Amino acid sequence: MTEARRPASLLDLDDLSPAELLDLLARADDFTDNAQARELLRGVPVLNLFFEASTRTYTSFVLAQQRVGADIVTLPPGASSLGKGETIADTALTLAAMNIRVIVTRHPASGFPYRLAEAFAGHVINAGDGRHAHPTQALLDLMTLRREFGQIAGLRVAVVGDILHSRVARSNILGLRMLGAQVTLVGPPTLLPESMAVSGVRIVRSLEAVLPEVDALMLLRIQRERITSAVLPALADYARNYRIDARRLALLPAHAIVMHPGPYNRGVELTDDVFSSKSWRYAQQVAYGVAARMAVLDHLVNGKGQRA
Ligand code: ASP
């Protein structure tokens, strides 16, 4: 992918070159430190088309759209005519005829935003598709790491838990590898098959072995809605092996941080000890989500701008 290419859509982080990814992170930093951006998408019609529950992603997209001055339309889940048999292509044509320029979409089916982007004349932003990708979550996670440590290259990051069903993990693995982090995946075989060990990523089953040597830990929820009960691990076993509690927190280096995309399930992947730990960065991640999404909107609609 060439650096000069202007992506029409953000479906996953591999739509970006490493340079574009770094540019987006720098732009997001600017928006965090200076919220004056109301002219950037002044009057640009943006549609939120969510088919799955969302608290953080939806709210921060709307806040981001407000901060860049967009005209915002939100279709409630179930309200689109896709449910009446209209095809994705015809829906896309209809929306383009109304001059919608950007669609932010979340869907339980992996690949939905790709189908939409093929048919839609404007920009599509993937706000989470099935178990496939969640690029803006990965962006805000990368932003958290970069602001904490200065750079991502060389960072040792462990992603822990239900990696198989996690779109957050997939997009983060892409972004972390693009920027040169050392990625370790930790979990039981049912939630982390050996086949997930792509190049540059190692799999470790023992959390205790990994904790002393990480800079950042990314915890994940067990995505029950995407798991057939036959392979759902017994929660007691899972917690015994992978839950972060006071004892495991104490094994981390003093500078290490603990992240979670939310929603977290108390008592499963973490205990309440984590919330009072100085390593816990969840609230910061959520806060960065607004600036990260402003940066994506600006990048897609306005191109490279002053950072070219
Ligand atoms: N909120 C994230 C997502 O939409 C993580 C999760 O649901 O566990 O994928």
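It should be noted that the structure appears before, not after, this text.
Residues numbered from 1 in each chain as written. Predicted model: local features only at pLDDT ≥ 70, side-chain atom pairs only at ≥ 80, totals over all residues. Heavy atoms only, no water.

(A) Summary view of the overall build of the chain. The helix and strand inventory of the chain stands at ten helices and nine strands. By principal-axis analysis of the C-alpha atoms, the chain measures approximately 55 × 45 × 35 Å. Counting every position in the chain, which comprises 308 residues, the buried fraction comes to 54%. Taking the contacts inside the chain whose residues are at least 6 apart along the sequence as the reference set, 72% of them involve residues at least 24 apart. Here the chain has roughly 12,600 Å² of accessible surface; of this, 53% comes from carbon and sulfur atoms. Between the centroid of the 33 positive side chains of the chain and the centroid of its 30 negative side chains there is a distance of 2 Å. (Helix = DSSP H or I, 4+ residues; strand = E, 2+ residues; numbered from the N terminus. Buried < 20%, exposed > 50% of the residue type's maximum accessible area, 1.4 Å probe, protein only. Contact = heavy atoms within 4.5 Å. Areas by Shrake-Rupley, 256 points an atom, 1.4 Å probe, with all protein chains shown as cover. Lys, Arg positive; Asp, Glu negative; His and termini not counted. Charge placed at Lys NZ, Arg CZ, Asp CG, Glu CD.)

(B) Molecular detail of the side chain of His-260. On the secondary structure map, His-260 appears in the loop between strand 9 (257–259) and helix 10 (282–302). His-260 gets classed as buried once you look at its relative accessible area, which sits at 1%. Within the structure, His-260 has its side chain in polar contact with the side chain of Glu-269 (distance 2.7 Å). Ignoring sequence-local partners within four residues, the contact set of His-260 consists of Leu-219, Leu-220, Arg-221, Glu-269, Leu-270, Trp-280, Tyr-282 and Gln-285. (Polar contact = N/O pair within 3.5 Å; in protein donor to acceptor, adjacent residues only side chain to side chain.)

(C) Molecular detail of unusual backbone geometry. Going from Gly-262 to Pro-263, the amide bond is cis rather than trans, its omega being -5°. Phi is positive for Asn-99, close to 70°, though the residue is something other than glycine. Structurally, the position occupied by Asn-99 is in the loop between helix 3 (88–97) and strand 3 (102–107).

(D) Layout of the layout of surface pockets. By volume, the largest pocket is sized at about 360 Å³. In terms of lining residues, the largest pocket is bounded by 21 residues, among which Arg-106, Arg-167, Arg-221, Gly-262 and Pro-263 are the most central. Elements that contribute at least two residues to the lining of the largest pocket include exactly helix 2 (56–67) and helix 6 (167–178). Tallied by class, residues from the lining of the largest pocket come to five nonpolar, nine polar and seven charged. Roughly 180 Å³ of volume is contained in the second largest pocket. Every residue along the wall of the second largest pocket is listed here: Asp-12, His-132, Arg-170, Ile-173, Leu-174, Arg-177, Leu-185, Ser-195, Met-196 and Val-198. Counting residues per element, the lining of the second largest pocket draws most heavily on helix 6, which supplies four residues. Tallied by class, residues from the lining of the second largest pocket come to five nonpolar, two polar and three charged. (1 Å grid on protein atoms, 1.4 Å probe; cavity = no way out; pocket = protein on both sides within 12 Å on 5 of 7 lines; lining within 4 Å. Points joined across faces, edges and corners; volume = space filled by probe spheres on them. Nonpolar A, V, L, I, M, F, W, Y, C, P; charged D, E, K, R; others polar.)

(E) Seen up close, the site of the ligand. Every residue near the ligand is listed here: Arg-106, His-134, Arg-167, Val-168, Arg-221, Gln-223, Gly-262 and Pro-263. One nitrogen or oxygen atom from the side chain of Arg-106 is found 3.1 Å from an oxygen atom belonging to the ligand. Between the ligand and the protein, one listed contact pairs an oxygen atom with a side-chain N or O atom of Arg-221 at 2.7 Å. Burial of the ligand by the protein amounts to 92% of the accessible area it has alone, namely 270 Å². Taking a 2 Å distance to the grid points as the criterion, the majority of the atoms of the ligand fall inside the largest pocket. A breakdown of the residues in the shell around the ligand according to their chemical character gives two nonpolar, three polar and three charged. (Near = heavy atom within 4 Å. Sits in = over half its atoms within 2 Å of the grid points.)

(F) Main features of the pattern of salt bridges. Considering all chains together, one arrives at 17 salt bridges under this definition. Close ionic contact of Arg-27 with Asp-298 constitutes a salt bridge, the shortest N to O distance being 2.9 Å. Placement of Arg-27 in helix 1 (residues 18–33) and of Asp-298 in helix 10 is noted, with a sequence separation of 271 residues between them. Of the two residues, Arg-27 and Asp-298, both sit in the buried class. Glu-194 is paired through a salt bridge with Arg-205; the nearest N and O atoms lie 2.9 Å apart. Placement of Glu-194 in the loop between strand 6 (182–186) and strand 7 (201–204) and of Arg-205 in the loop between strand 7 and helix 7 (207–210) is noted, with a sequence separation of eleven residues between them. The class for Arg-205 is partly exposed, based on a relative accessible area of 27%. (Salt bridge = Lys/Arg side-chain N within 4 Å of Asp/Glu carboxyl O.)

(G) Region of interest: the sheet that holds strand 2 (residues 71–75). Ordered by their spatial adjacency, four strands build an open sheet running 2-1-3-4, and the pairing between neighbours is parallel. Edge positions in the open sheet fall to strand 2 and strand 4 (123–129), since each of these has one partner strand only. Sheet twist, expressed as the mean angle between neighbouring strand axes with direction ignored, is 15°. Taken together, the five bridges between strand 1 (residues 45–50) and strand 3 define a ladder with parallel strand orientation. What sits directly across from Asn-48, in strand 3, is Val-104. (Pairing = 2+ DSSP bridges. Axes fitted to C-alpha atoms, helices over the stretch in contact; angles between N-to-C directions.)

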